[in-house]
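# Coordinate inspection notes
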Amino acid sequence: MIFESFPVGPIACNCTILGDEEAHEAIVIDPGDEVSRIHSRLTELGLKLKQILVTHAHIDHVGGALKLKRLTGAPIFLNENDLPLLKTLESQAAWLGVRAPEFAPPDESLNDGLIVGLERCPAQVLHTPGHTQGSVCLHFTPLKLLVAGDTLFAGSIGRTDLPGGDYAQIIDSLHTRLLALPDETQVLSGHGPVTTIGEERRSNPFLQSR
Ligand SMILES: [Zn+2]
């Protein structure tokens, strides 16, 4: 499998390419910005994009999704509870001082329990509201990997003071869904370094017993 993760855009959202070199297929998670870079990398690797998966509708994660869809024809997946937030991309852009990207409704909703990803590398969708109402994490069970969006960070958790945020809800999502995963699960967050569920269970101040 090909696994590449790199920060894109002014607030360094971790964008991930996951590819199957035998099937020549890939998925991209959170193409927030730098779409030409992402697209050239897919071309270099000889991978056909099958799905564009977006963990939530903040501009730094979803900003490049439509552009990437137009270049590749791949469908966009986003949890339907973030549709109201998707409609605020213009004000999100103004808030960051960047140009608003075009947007379109996603092709499919990343509903809880849905299996997405590649045939040899599937992921289960965990709906983990709190940072936004439609925030999801993607659990690649065979890879022991969780792509956590802005729900969990190394040593911290996603902010809940933006529209759609709810502190009690993110704490509940973290305890009931993410802490249920095995300690050895690698966590790739929406920003910052990689961590593990075990490390966060031990040391993340937001995850200590309630
Ligand atoms: Zn966010």
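Here the structure is a predicted model, which means the values were calculated and not measured.

Each value, and the rule that gives it
Residues numbered from 1 in each chain as written. Predicted model: local features only at pLDDT ≥ 70, side-chain atom pairs only at ≥ 80, totals over all residues. Heavy atoms only, no water. Pairing = 2+ DSSP bridges. Helix = DSSP H or I, 4+ residues; strand = E, 2+ residues; numbered from the N terminus. Polar contact = N/O pair within 3.5 Å; in protein donor to acceptor, adjacent residues only side chain to side chain. Contact = heavy atoms within 4.5 Å. Donors = N, O, S within 2.8 Å, 3.2 Å for Na, K, Ca; no water. Tetrahedral: all angles 85-135°; square planar, octahedral: opposite > 155°, others 65-115°. Buried < 20%, exposed > 50% of the residue type's maximum accessible area, 1.4 Å probe, protein only. Axes fitted to C-alpha atoms, helices over the stretch in contact; angles between N-to-C directions. Core = buried A, V, L, I, M, F, W, Y, C linked by side-chain atoms within 4.5 Å.

## Focus: the sheet that holds strand β12 (residues 186-189)
- What the six strands build is an open sheet, ordered β6-β7-β8-β9-β12-β13; its pairing is mixed. At either margin of the open sheet sits one strand with a lone partner, and together these are β6 (115-118) and β13 (195-196).
- Pairing between strand β8 (residues 136-140) and strand β9 (residues 145-149): three bridges, direction antiparallel. Across the sheet, Leu138 pairs through a bridge with Val147, a residue of β9.

## Focus on the side chain of His127
- Mapped onto the elements, His127 comes out in strand β7 (residues 121-127).
- For His127, the side chain forms a polar contact with the main-chain oxygen of Gln133, separated by 2.8 Å.
- Setting aside chain neighbours within four positions, we find His127 in contact with Asn79, Asn81, Asp112, Gln133, Gly134, Ser135, Val136 and Arg177.

## Considering the coordination of the zinc ion
- In the first shell of the zinc ion, the protein supplies His56 (NE2), His58 (ND1), His131 (NE2) and Asp150 (OD), at 2.2 to 2.3 Å from the metal.
- With four donor atoms in place around the zinc ion and angles of 86 to 170° between them, the coordination shape is irregular.
- Sequence spacing of the donors to the zinc ion: H-x1-H-x72-H-x18-D. Of the two residues, His131 sits in the loop between β7 and β8 while Asp150 sits in the loop between β9 and β10 (152-153), which places them 19 residues apart along the sequence. Just as His131 is buried, Asp150 falls in that class too.

## Here we look at the sheet that holds strand β4 (residues 48-53)
- Strand order across the open sheet formed by five strands is β1-β2-β3-β4-β5, with mixed pairing between neighbours. The open sheet has two free edges, formed respectively by β1 (2-8) and β5 (76-77), since each of these has just one partner strand.
- Relative to strand β2 (residues 13-20), β1 runs antiparallel, the two being bridged by seven bridges. Each residue of the ladder has a partner; that of Ser5, found in β2, is Thr16.
- Against the sheet, helix α1 (residues 35-45) makes contact with β1, β2, β3 (25-29) and β4, and its axis sits at roughly 160° relative to β1, the strand it touches most.
- Where helix α3 (residues 65-72) meets the sheet, it contacts β3, β4 and β5, and its direction lies at approximately 160° from that of β4.

## Let's talk about the nonpolar core
- Among the nonpolar cores identified, the biggest contains 28 residues, and Val28, Ile38, Leu42, Leu49, Ile52, Val54 and Leu68 are the most heavily contacted of them.
- Those residues in contact with Ile52 that sit more than four places away from it in its chain are Val28, Pro31, Ala65, Leu68, Lys69, Thr72, Ala74, Pro75, Ile76 and Phe77.
- Judged by nonpolar contacts, the second largest core, of 17 residues, contains Ile27, Ile29, Val136 and Leu138.

By themselves, these figures tell us nothing about what the structure is for.
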